[in-house]
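Fold and contact review
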2 protein chains.
Amino acid sequence: MTPYYEENTKHYIAVDCIIFGFDEGELKILLHKRNFEPEKGKWSLIGGFLQDNESIDFAARRILQQYSGLSNLFMEQLYTFGEVERDPGERVISVTFYALIRIEEYNNQLKRETSAQWWPISRKPTLIFDHDKMVVKALERLKIRAKNQPIGFELLPRKFSVPRLQSLYEAIYQRNLDKRNFRKKILSMNLLQKLEEKDKGVSKKGAFLYQFDKRKYSKLVEKGFHFEL
Amino acid sequence: MTPYYEENTKHYIAVDCIIFGFDEGELKILLHKRNFEPEKGKWSLIGGFLQDNESIDFAARRILQQYSGLSNLFMEQLYTFGEVERDPGERVISVTFYALIRIEEYNNQLKRETSAQWWPISRKPTLIFDHDKMVVKALERLKIRAKNQPIGFELLPRKFSVPRLQSLYEAIYQRNLDKRNFRKKILSMNLLQKLEEKDKGVSKKGAFLYQFDKRKYSKLVEKGFHFEL
DNA sequence: CCAAAAGTGTTGACCGTACACCCATGA
DNA sequence: TCATGGGTGTACGGTCAACACTTTTGG
């Protein structure tokens, strides 16, 4: 079109997603086996190429939908990796996103690519290219966000008990929390709606279930409230 | 090379930089007049296109060097903007960086592109494309970083007084700080080395100059210290 | 009846914030 | 001598962290 642009070179752009889930008290990520060269058969993040006529955000949602079968996932752009030799096949710039999935919804969902598999963060295989770096960056961001925004709820079932929420935060921060202090703090925010039901799956006594009240949160934010855990 | 890559399309990639300076008690950004169509003659961030054989970081440093005449600036990748129609000329993905400059070093430096001009943030012109959004994002990031990392010193002369440092933080946070509390906190970190000299430029009494001790900071960080202001 | 998880309050330490006066000096 | 900015200490309130026992119930 305009000559000025044409003096420059174009590049492939990939979108890679770090997809987190929480299950059995552990943080997990969804990986898949790469099905083309180079590094075919190795474990990789979930990704794809940016197409014409789609924004980067759209591409990320498309890829997430395709691999998880779920839409409207929590998702945030992370960082763009642009080393010249990061992909030995061709020069590819990768824009990364991290996303949060409720694993039980994923398990109930069948319409999806099936070569993907959940791996506990602590025991995941080595990944191709610079994907391990991407995971490190995603974990850093997840820690920060979990502290300042109520995103933990995106990883738990809609109904959850306080002890379950606490174990999620323990998995994210990689340290134990005091249960009295934790409960005091989270309940004092008035963001959790107590239900009559109990979760009897973990203990004999059973723990009361709660729901995150998104509307209440939005209203508080408008008034200057700042989530912090 | 591999057929798989070739099924996908390539894109122009731009690097745009939000360059901050601090002068006369105000935060400023460096802008320049765009010299090609579309939007020729309008104010724009400083940027350029990613070339073959350079990493994105390298491209950002190249562009910063070209427009400021300075190298080794503090610089951090911010966000990647990828809406389809963000640049009406051609589809261009923009990877943004923000950078911090000591304005007095910039002023002493002559070997540079000269169409650039400093604008106070509060009175800057409307920028082309989505560049105003980029500035907003850079300001958000700057606030967070200034709080958690000792980056303020990148915007001040090597030797500075405590009141000057305070006024920088006031400009970044957009609110007034208590001078006793500010001084107490910053000095209690033991990161500032007091000099014998005074800055007589602002007050008649003169304010003692300090230097940021980068080595001390690195050592403290190794021991788990976390900067916070 | 006992093992295992749920649930509950208090205290001391520390940190953030608010606040007012004297000092040094150039004009 | 006076206007201007530099420099100093204390007290209060709120938040964070540490800590131990009782309750419930399935097996």
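Quick note: structure is the one above.
Everything in this summary refers to the structure shown in the same document. Just so it is clear, the model here is predicted, and its values are computed rather than measured.

1. Considering the sheet that holds strand β10 (residues 207-212) of chain A
Strand pairing in a sheet takes place through backbone hydrogen bonds and is either antiparallel or parallel in direction. Residue and element names in this part refer to chain A. Ordered in space as β8-β10-β9, the three strands form an open sheet in which the pairing is antiparallel. Of all strands in the sheet, those bounded by a partner on one side alone are β8 (159-161) and β9 (192-199). Averaged over all pairs of adjacent strands, the angle between strand axes in this sheet comes to 45 degrees, irrespective of strand direction.

2. A word on the protein's contact with DNA strand D
Around DNA strand D, the surrounding shell holds 19 residues, and the nearest of these are Asn181 of chain A together with Arg164, Lys179, Arg183 and Lys184 of chain B. Asn181 of chain A is positioned with one of its side-chain polar atoms (N or O) 3.0 Å from a base nitrogen of DNA strand D. Mapped by element, the contributors of at least two residues to the surface near DNA strand D are α6 (179-188) of chain A together with α5 (162-173), α6 (179-188) and β10 (207-212) of chain B. The residue makeup of the surface near DNA strand D, split by class, is three nonpolar, three polar and 13 charged.

3. Some remarks on the layout of surface pockets
Here the largest pocket is characterised by a volume of approximately 1800 Å³. Elements with a contribution of two residues or more to the lining of the largest pocket: β5 (74-81), α4 (131-148) and α7 (214-222) of chain A together with α2 (56-68), β5 (74-81), α4 (131-148) and α7 (214-222) of chain B. In terms of residue class, the lining of the largest pocket is built from 20 nonpolar, nine polar and 20 charged.

4. Topic: the protein's contact with DNA strand C
Close to DNA strand C lie 19 residues; Arg164, Lys179 and Arg183 of chain A together with Asn181 and Lys204 of chain B are nearest. The protein-proximal atoms of DNA strand C, defined as those within 4 Å of the protein, are 39% sugar or phosphate. At a separation of 2.7 Å, a base oxygen of DNA strand C approaches a polar side-chain atom of Lys179 of chain A. Contacts to DNA strand C include Lys184 of chain A, whose side-chain N or O atom sits 3.0 Å from a base oxygen. Those elements that place two or more of their residues in the surface near DNA strand C are α5 (162-173), α6 and β10 of chain A together with α6 of chain B. Looking at the surface near DNA strand C residue by residue, the classes come out as three nonpolar, three polar and 13 charged.

5. Some words on unusual backbone geometry
All names here are of chain A. In this structure, the amide linkage connecting Glu37 to the following residue, Pro38, adopts the cis form with an omega of -5 degrees. Residue placement: Pro38 occurs in the loop between β2 (26-33) and β3 (43-44). Not every positive phi belongs to a glycine, and Asn72 is a case in point at roughly 60 degrees. Position of Asn72 among the secondary structure elements: in the loop between α2 (56-68) and β5.

6. Things to note about the interface of chain B and chain A
Between chain B and chain A, the contact holds 38 residues from the first and 38 residues from the second. For the pair chain B and chain A, the two sides together bury roughly 3700 Å², of which 57% comes from carbon and sulfur. Area buried by chain B at its contact with chain A is led by Tyr5, Lys10 and Tyr12 of chain B, which between them contribute 21% of it. Counting the contacts that link chain B with chain A gives zero salt bridges. When contributions to the side of chain B that touches chain A are tallied by element, the ones reaching two or more residues are α1 (3-6), β1 (10-23), α2, β5 and β6 (92-100) of chain B. A per-element tally of the side of chain B that touches chain A places β1 of chain B first, with four residues. In terms of residue class, the side of chain B that touches chain A is built from 16 nonpolar, eleven polar and eleven charged. Inspection of the sheet shows strand β1 (residues 10-23) of chain A paired to β1 of chain B by three bridges, in the antiparallel sense. Opposite Lys10 of chain A, over in β1 of chain B, you have Tyr12 of chain B as the bridge partner.

7. Here's the deal with the packing of α4 of chain B against α5 of chain B
When two helices pack together, their arrangement is given by the angle between the helix axes and by the axis-to-axis distance. All names here are of chain B. The geometry of α4 relative to α5 is characterised by a closest axis approach of 9 Å and an angle of 140 degrees between their N-to-C directions. Every pair of crossing elements has a handedness; the one defined by α4 and α5 is left-handed. Where α4 abuts α5, its residues Leu142, Lys143, Ala146 and Lys147 lie against Tyr169, Ile172 and Tyr173. When grouped by side-chain class, the residues that make up the contact of α4 with α5 number five nonpolar, no polar and two charged.

8. Describing the sheet that holds strand β8 (residues 159-161) of chain B
All names here are of chain B. Strand order in this open sheet of three strands is β8-β10-β9, and the pairing throughout is antiparallel. Because the sheet does not close on itself, it has two edges, and the strands there are β8 and β9 (192-199). Ignoring which end each strand starts from, the neighbouring axes of this sheet average 45 degrees apart. Relative to β10, β9 runs antiparallel, the two being bridged by five bridges. When the bridges of β10 are listed, Lys198 appears paired with Phe208. Lying over the sheet, α5 contacts β8, β9 and β10, oriented at roughly 80 degrees with respect to β8.

Conventions used here
Residues numbered from 1 in each chain as written. Chains lettered and ligands numbered in written order. Predicted model: local features only at pLDDT ≥ 70, side-chain atom pairs only at ≥ 80, totals over all residues. Heavy atoms only, no water. Pairing = 2+ DSSP bridges. Helix = DSSP H or I, 4+ residues; strand = E, 2+ residues; numbered from the N terminus. Axes fitted to C-alpha atoms, helices over the stretch in contact; angles between N-to-C directions. Near = heavy atom within 4 Å. Polar contact = N/O pair within 3.5 Å; in protein donor to acceptor, adjacent residues only side chain to side chain. Nonpolar A, V, L, I, M, F, W, Y, C, P; charged D, E, K, R; others polar. 1 Å grid on protein atoms, 1.4 Å probe; cavity = no way out; pocket = protein on both sides within 12 Å on 5 of 7 lines; lining within 4 Å. Points joined across faces, edges and corners; volume = space filled by probe spheres on them. Contact = heavy atoms within 4.5 Å. Buried area = accessible area lost by both parts, 1.4 Å probe. Salt bridge = Lys/Arg side-chain N within 4 Å of Asp/Glu carboxyl O. Left-handed = near helix turned anticlockwise from the far one by under 90°.

The values are spatial; any link to function lies outside them.
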